[in-house]
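# Architecture at a glance
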Amino acid sequence: MKKNMTSAKLIQKKIAGEKISALTAYDASFAGVFSDQNVDVLLIGDSLGMVLQGNDSTLPVTIDDICYHTRCVKAGNNGSLIIADMPFMTYSTPESTWINAGKLMQAGANMVKLEGGKWLLESIKGLTQRGIPVCAHLGLTPQSVNVFGGYKVQGREQEQADLMIEEALALEAAGAQLLVVECIPASLAKRLSEALTIPTIGIGAGVHCDGQILVMHDLLGISTGYIPKFSKNYMTLTGDIHKAIAAYVEEVSSGTFPGPEHSFE
Ligand code: KIV
């Protein structure tokens, strides 16, 4: 049955203490399976640059790539909230942010996601004023891999952790309706989730987030090369795509996933 997930319903889930399930999706067929299995949020992630295009980072992904895959996901979706990633350098100024985010909304997104902290405040205010809901993204923001010097856990130092809380609160005040936190200590994710009214969606951020997201290829065990510690292959457990997704949704809802072995401290 069509459920039409909205950002308001996600906030209701947080208030009710119900966990939010999210997955990346890039095409109509998987979007259909995921939404039929009650995955709340589908993200057209710029991770497609790695898992679909075979690049070693997300940097080569273009706005046209994300628009194309957003149209595909929209065509197969059955009521999940669709978030589209803004690719590298498509939101480097407020004006370019608004124009490129508009393209993603016209392609079928319900919300756009941007990586970064306080430097995005004007852009986020402007998006919200223009009717475009925003998901922020803090912690390990993969578009900054060259600044970080690799895919490393962020927020381990007290000062860095305090700054992340400050930035998250500023992003929320600017209008962000959701926050993805990637590869941060579980204790920091807990502090963030308690400090914010908006839901946190974690990947490699421990069980205390308000929801979880995984790259679909990791969940289905078809990622090649490096398999991150925080991911879990549900195909080896179930042997069937539909059952694998159902198991993921159930484990997120019950708080079974992620376990301590998928988390950082
Ligand atoms: O691009 C992506 O898939 C993401 C998730 C890992 C959160 O940003």
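Here we summarise the structure given alongside this text. (Residues numbered from 1 in each chain as written. Predicted model: local features only at pLDDT ≥ 70, side-chain atom pairs only at ≥ 80, totals over all residues. Heavy atoms only, no water.)

Its location among the elements puts Lys-229 in the loop between helix H10 (216-219) and helix H11 (235-238). Here Lys-229 falls in the partly exposed class, since its relative accessible area comes to 40%. A C-alpha to C-alpha distance of 9.1 Å links Lys-229 and Phe-264, two positions 35 residues apart in sequence. (Helix = DSSP H or I, 4+ residues; strand = E, 2+ residues; numbered from the N terminus. Buried < 20%, exposed > 50% of the residue type's maximum accessible area, 1.4 Å probe, protein only.)

One closed barrel accounts for eight strands, arranged E1-E2-E3-E4-E5-E6-E7-E8; its pairing is parallel. The sheet shows a mean angle of 25° between the axes of neighbouring strands, direction not considered. Packed on one face of the sheet, helix H5 (residues 94-107) meets strand E3 (81-85) and strand E4 (111-115) and runs near 135° to E4. (Pairing = 2+ DSSP bridges. Axes fitted to C-alpha atoms, helices over the stretch in contact; angles between N-to-C directions. Contact = heavy atoms within 4.5 Å.)

Most of strand E6 (residues 178-182) sits out of view: five of its five residues are buried. Of the two faces of E6, the one holding Leu-178, Val-180 and Glu-182 and the one holding Leu-179 and Val-181 are both buried throughout. Relative to E6, strand E5 (residues 134-139) runs parallel, the two sharing five bridges. When the bridges of E6 are listed, Cys-135 appears paired with Leu-178. Taken together, the four bridges between E6 and strand E7 (residues 200-203) define a ladder with parallel strand orientation. In the strand pairing of E7, Glu-182 is matched with Ile-203.

What follows is about the nonpolar core. Core analysis: the largest hydrophobic core is formed by 82 residues, its most contacted members being Phe-34, Leu-104, Leu-179, Leu-219, Ile-245 and Tyr-248. If sequence neighbours within four positions are ignored, Leu-104 has contacts with Ile-63, Ile-66, Cys-67, Thr-70, Ala-84, Asp-85, Met-86, Ala-109 and Val-112. (Core = buried A, V, L, I, M, F, W, Y, C linked by side-chain atoms within 4.5 Å.)

Let's shift gears to the packing of aromatic side chains. Counted according to the given criterion, the structure contains five aromatic pairs. Looking at Arg-130, its charged tip hangs above the ring of Trp-98, at a distance of 3.7 Å from the centre. (Phe/Tyr/Trp six-rings, centres within 6.5 Å; stacked < 30°, edge-to-face > 60°. Lys NZ or Arg CZ within 6 Å of the ring centre and 35° of its normal.)

So, about the state of the cysteines. What the rule picks out here adds up to zero disulfides. This cysteine, Cys-67, is not joined by any disulfide, and Cys-72 carries the nearest cysteine sulfur, 11 Å off. No disulfide involves Cys-209; its nearest neighbouring cysteine sulfur is the one of Cys-183, lying 11 Å away. Exposure remark for Cys-209: the relative accessible area of 0% places this residue in the buried category. (Disulfide = S-S within 2.5 Å.)

Another aspect to go through is helix H12 (residues 241-254). Since the α-helix packs 3.6 residues into each turn, any two residues three or four apart lie on the same face. Taking 1.5 Å as the rise per residue, H12 with 14 residues should run 20 Å; its terminal C-alpha atoms sit 20 Å apart, in good agreement. Within the span of H12, buried status applies to Ala-244, Ile-245, Tyr-248, Val-249, Glu-251 and Val-252. The buried residues of H12 occupy one face: seen down the axis, they fall within an arc of 165°. Summarising the contacts, the buried residues of H12 are in contact with strand E1 (20-24), helix H2 (28-36), strand E8 (211-214), H10 and H11. With a side-chain oxygen positioned 3.0 Å from the backbone nitrogen of His-242, the residue opening H12 is Asp-240. Just downstream of H12, Gly-255 is the residue with a positive phi angle, here 80°. (Expected span 1.5 Å × (residues − 1). Arc of directions from axis to C-beta. Polar contact = N/O pair within 3.5 Å; in protein donor to acceptor, adjacent residues only side chain to side chain.)

A separate point is the pairing of E8. Side-chain alternation along E8 places Gly-211 and Ile-213 on one buried face and Gln-212 and Leu-214 on a second face that is also buried. Pairing between E1 and E8: four bridges, direction parallel. Pairing of Ile-20 across the sheet is with Gly-211, part of E8. Strand direction decides the pairing type here: E7 and E8, joined by two bridges, are parallel. Paired with Gly-202 across the strands is Gln-212, a residue of E8.

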